[in-house]
Amino acid sequence: MVSTYDPKLDQVQHQAVNACLAPLCAVAGLAITTVEGIGSAKTALHPCQERIARAHGSQCGFCTPGFVMSMYSLLRSNPGPTEEEIEGAFEGNLCRCTGYRPILEGYKTFAKGYCCGGAGRDGKCCLDGAGEETVEGPSVLFDARQFTPLDPTQEPIFPAALKLQVPPKPLAIRGPRVQWFRPTSLQQLLALRERFPHHNQRGKPQYRMVVGNTEIGIEVKFKGAFYEVLISPSQVPELNQLQLTDEGLLVGAAVTITQLEHKLRELQETLPEHKTRVFAALLEMLRWFAGQQIRNVSAVGGNIINASPISDLNPTFMAAGTKLNLASKESQRTIVMDSSFFVHYKQTSLLPNEVLVSFLVPFSRENEFVYSYKQARRREDDIAIVNAGMRVLLEPSSPHWLVRECALSYGGMSYITVAAKKTQQALLGKPWCESTLNEACRLLLEDLPLAPDAPGGMAEYRLSLVTSFFFKFYLSVLSRVSAQPLPPEVASVPELFTRELVKSSQGFQRVPGDQPSSDVVGRPMMHLSALQQATGEARYMDDIPHIQGELYAGLVLSSHAHARFTVDASRALQMEGVKGFVSAKDVPGSNITGPNMDEEVFADGVVTHFGQIVGVVLAESQPLAQRAAQTVSITYDDLPSVITIEDAIAAKQFYPDKRTVASGDVDSALSAAEHTLEGQVHVGGQDHFYLETQGCLAIPKGENGEMEIIASTQGLHRTQTLAALALNVPANRIVARVKRIGGGFGGKETRSFYLSTAIAVAAHKAQVPVRIMLDRNEDMMTSGGRHPFLGKYKAGFTSEGRITALDLQLYSNAGASLDLSRGVMERAVTHADNAYSFPNVRISGLVCRTNLPSNTAFRGFGGPQGMMASEQLMDDVATYLGIPPEKVRELNFYQDGDATPYGQELPRCHIRRCWSELSTKSQFTERRIKVDEFNKGSRWKKRGLALVPTKYCLAFGAPFLNQGGALLHVYTDGSVLLTHGGMEMGQGLHTKMVQVCTRCLGIPPEKIHIMETSTDTVPNASPTAASSSSDLYGMAVKDCCDQLMERLKPYKEKEPKAGWEHWVERAYFDRVNLSAQGFYRTPDIYFNWDTGKGKLFSYFSYGVGCSEVEVDTLTGDFTVLRTDLMMDVGDSLNPAIDIGQVEGAFTQGLGLFTLEQCVYLEGNQRTQRGQLFTTGPGTYKIPSCSDVPVELNVSLMNHTTNPKAIFSSKGVGEPPLFLAASVFFAIRDAITAARTERGLTGIFKLDSPATCERIRMACVDQFTEQADSAVNKEAKKWTIDV
């Protein structure tokens, strides 16, 4: 939080900012507060910290300080915020674990008139006593009455010394590479601009003005830009004015987006409506402009001068005829922002020594209408795909009003913000009627042509948005001037988007009435590290203090997909502070590495994918190491590359061992089938986007080849053994350890090894500690993700929808090494039946070898991709037969005791019960009627509703991995130190293990501590994955406890009331071993892939999801109105953690199936084919707070005990993810309604993820048809479908 003193108002203003974009120089004279400064788990918590922790809103914890500070900043400015303001405060915050619900619920307790919304017992508010704990335990996940009240009087006081620095003095800071100037007058600023002019030409020194650093910070960090001089005009009075004039609002160029927003709202409330229509259009765009933290510092003038072709504000400024006031040392001038202002990509008509001082946003006039539009991949905090500002001045006439002025400006349709000149001119004098609309749409496509290989791709979609936006504009204006209301079927088109507040409910089984209060199993216990995570005191890998002599590693990565290469690091080695370069020749042991020994620690002569490690530069600091790595020269000789599944099929490039499971006689059943159908399904990849990127610290011990490796990994055992192999030492010389990681989701199960092994080699060569923490773009380029899948099916079925035969062929894109791809395909093949019994079925899988970074484990491990094939089949059969898809699904469900295609029986199969209970809870039948009624009355907005089941199989697919160990020490004071082979990544594993231990030992959780996970305490541990860690380590912990309790039994029997400490003390004096090693192996698991039969899994989990969406068919934008989830987790060990896992998995699945698209380039003169475009949060969008369902109801099934796991529980991390497919099929249902209305029936293509582009283009109408015909289909596209 940044706090500033305003002497005019005599007030201190508090704002949340992104620390990573705030230059230290920019906060001179300001007060900075971080999460560590407001409270501590060691002393006293701030209510902001306490509530997110106790509301179970912190899982991995890496994002938690950001949420805490966003909330804290809001409360410092507004101690009694509304729920709307609280939700708005988190627009710029991302969380990959929780699904946001517990964060919002915890923080809404700060809102005026807070009520839980009936989440307590019997539908009552928890504040009315409905959340009280009974003998069965609490009925809600947290009790808001127990929270510490907020007391604004106890907050830190703004430093008096900083008030004395107002007004600030000029500032000049000269560093070894960069100079920073902060003038305090316009004269000083213009003199600096004269001395340091703005040049765009390469080869000339680059000087820039900076206010919020929101663009320059990105350019420097991720695009290799370097600016020798930075000038901050933030304290120049003329650039900070907000003044009302006779013509409009005069805005200083350094005014922030937040300041402008507040002023525009004030004017909108006080001035006549007809004068504020430009303001209203700007406010509508500002709703979707970045996040609150960016708006707080980003200057409006910077947005103008940056001249981005997708600027959100420039199209509206241009359409409104905004006047720009420019100044240089010699002169001043005023120009109108029109089509001549933007001259080239990110270049304006400003002279090199000119400065934008201010600009005038004009008032609108009577009969003048102004609107703005934007479409992005994600509604909030995202850059535009296309945006527009539109203005028209009409003259009353009969029967139609006439156009007197018209301005149509678009972003995202060229390398600059463009005006549709031909259309604007043609509309003058035309009546505002349908014929003019049609003419305008035709001319717009001529005005704004777009080639298929235009940067950004999506040519057809972007062209459709051009005309769809104008259609919205036309109807918006028509609704204001027409004497008659718009027809009901189009009345919703002009409506501005509004979203209701998020609401939710959680249902779970309470513990038995006779369970002792000291037994916390089954109770919603807070995550063990939640308080430390909320205060910033939880340590992650990169929080380890710097070690004397430590060096930082900078990666040298390949920039070609497949090529021979030579490397020259001489330039880097000449840089001061660079200590060495490490490559394949420096590996003392084996350079061959990986789970299948088919990868290289360092590429040696040939690279096989983008982002492959060629070498490592060692330097004294991170920035220096990264700069030096960029100077390493690599010369490439390209080889043929294979990028897509289709490429691999054509080249027959597969990894060995095709996997097949089958039962019945598929060919005969297909021949005899009443109906047959063929189809295919494509599921795209997904980036893990864990909040903590890959990182590692390797510390050589100086003797006997010993080394300590601290890594952000899910797999310590292989971290240890692969490092030992590369260093040519036994594994016992390497100790790998981890305390916690900031998210993993499978991405750190094996793909952490390529980094930790390379860093171990570097540390060995340098014989000093070496550290690395990847930037987001490095992580995304190198580490792989979820496998893209292609499924091709042929099915036979009856007229009722009963599937009689299925022949399904699956293909996955594994990338350049096998990694875990065979196991991923095995799980896809064994999950493709999902919840359905197919009497005759054959499911086969082939793993494609391509030149992408190796894809790897990801939550679900191939299961979601396999299940998507069967769900697509159900929908296609329903469409073919003209019956509801839920009827086809229900007809084909497994029953208790049925066998899977691989011959494993399904005891305690709960799918039919789960389906029935959720159908009732979600009121599916009643809502189906309402959805159909809505769609009949709305042409351009459609709703969809879908019910989707899941059956997930629990256990590692590789039988040898189904083992776990634990170590337990009891000390003489009665405290217990517990260690096990699993690691904590936010899933609450340590918390559950402590709960297990409390029940087994009969002691409170406060006596038990878990310090870390390491290879020197529990050896040979399987990776923390497969939703099996609670099963494996829970039983191993129980084994430890049972051994100890057996040893303490004589003392308990002799003195039953003496208590734990006494029993321990007596045992110690009797020389009884108070340490125990526990072990567990999952019994009765076997499989033969030659026959495709066996018992591959320990047990099965079931669930059902029901989702309702609303789709804007003109843009492809959608909102999840409501989702109901029911999940079978057995007897929950911890309902708070398990519900959090259900919600987090669902939200990650929502990203997989709708938002998250990995975009690869087709390649041109400046890019390579197969290059990943989506390498950071600017281009890759995970769900945000505004993307989760408006209403989310989660229930854990009651009375579904599981004798196969610890205390009848079930694994929960992965099974719920596929329930997000209910959103995908609800979207498909809405598209079907749109297509049916236009006379389009039958099966249609909708690949996953169902992005706004794919949704819009599937909703075929006159606008998409016009756009489609305007694009040359023979031309090369900008992107490849991978």
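Our structure is the block above this text.
Residues numbered from 1 in each chain as written. Predicted model: local features only at pLDDT ≥ 70, side-chain atom pairs only at ≥ 80, totals over all residues. Heavy atoms only, no water.

> So, the overall build of the protein: which residues are in play, and what are the values?
On a plain count of helices and strands, the protein comes out with 35 helices and 49 strands. Along the first, second and third principal axes, the C-alpha atoms of the protein reach 95 × 75 × 70 Å. Partitioning the contacts of the protein with sequence separation of at least 6, the portion at a separation of at least 24 is 77%. Taken as a whole, the protein presents about 47,200 Å² of accessible surface, with 50% of it coming from carbon and sulfur. (Helix = DSSP H or I, 4+ residues; strand = E, 2+ residues; numbered from the N terminus. Contact = heavy atoms within 4.5 Å. Areas by Shrake-Rupley, 256 points an atom, 1.4 Å probe, with all protein chains shown as cover.)

> Give me the lowdown on the sheet that holds strand β48 (residues 1191-1196), citing residues and values where you can.
The strand order across the open sheet built from five strands is β19-β48-β46-β45-β37, with neighbouring strands paired in mixed fashion. Two strands in the sheet have a free side with no partner beyond their single neighbour: β19 (503-507) and β37 (941-954). With strand direction ignored, the average angle separating the axes of adjacent strands in the sheet is 10°. With 14 bridges connecting them, β37 and strand β45 (residues 1099-1112) associate as antiparallel partners. (Pairing = 2+ DSSP bridges. Axes fitted to C-alpha atoms, helices over the stretch in contact; angles between N-to-C directions.)

> Could you give an account of the packing of aromatic side chains, with specific residues and numbers?
Under the definition given, this model contains 34 aromatic pairs. Across from the ring centre of Phe858, 4.1 Å away, lies the NZ or CZ of Arg786, which sits over that ring. In this arrangement the basic side chain of Arg943 is found over the ring face of Phe934, its NZ or CZ atom lying 4.1 Å from the centre. (Phe/Tyr/Trp six-rings, centres within 6.5 Å; stacked < 30°, edge-to-face > 60°. Lys NZ or Arg CZ within 6 Å of the ring centre and 35° of its normal.)

> Describe the packing of helix α30 (residues 1029-1054) against helix α31 (residues 1060-1069), listing the residues and the values that go with them.
Look at α30 against α31: their axes get within 9 Å of each other, and the N-to-C directions meet at 100°. By the criterion of interaxial angle, the relationship of α30 to α31 is roughly perpendicular. Across the interface between the two elements, Met1045, Leu1048, Tyr1051 and Lys1052 from α30 touch Trp1060, Trp1063, Val1064, Arg1066 and Ala1067 from α31. By residue class, the composition of the contact of α30 with α31 is seven nonpolar, no polar and two charged. (Parallel < 35°, antiparallel > 145°, perpendicular 65-115°, else oblique. Nonpolar A, V, L, I, M, F, W, Y, C, P; charged D, E, K, R; others polar.)

> Lay out the sheet that holds strand β18 (residues 418-419) with the relevant residues and their values.
The four strands are arranged β15-β16-β17-β18 in an open sheet whose pairing can be described as antiparallel. Looking at the sheet topology across the chains shown, the edges are occupied by β15 (368-376) and β18. Both strand β17 (residues 402-411) and β18 contribute to a ladder of two bridges, which runs antiparallel. Of the residues in β18, the one forming a bridge with Ser409 is Ala419. Lying on the sheet, helix α9 (residues 277-286) is in contact with β15 and β16 (384-395); it crosses β15 at an angle near 10°.

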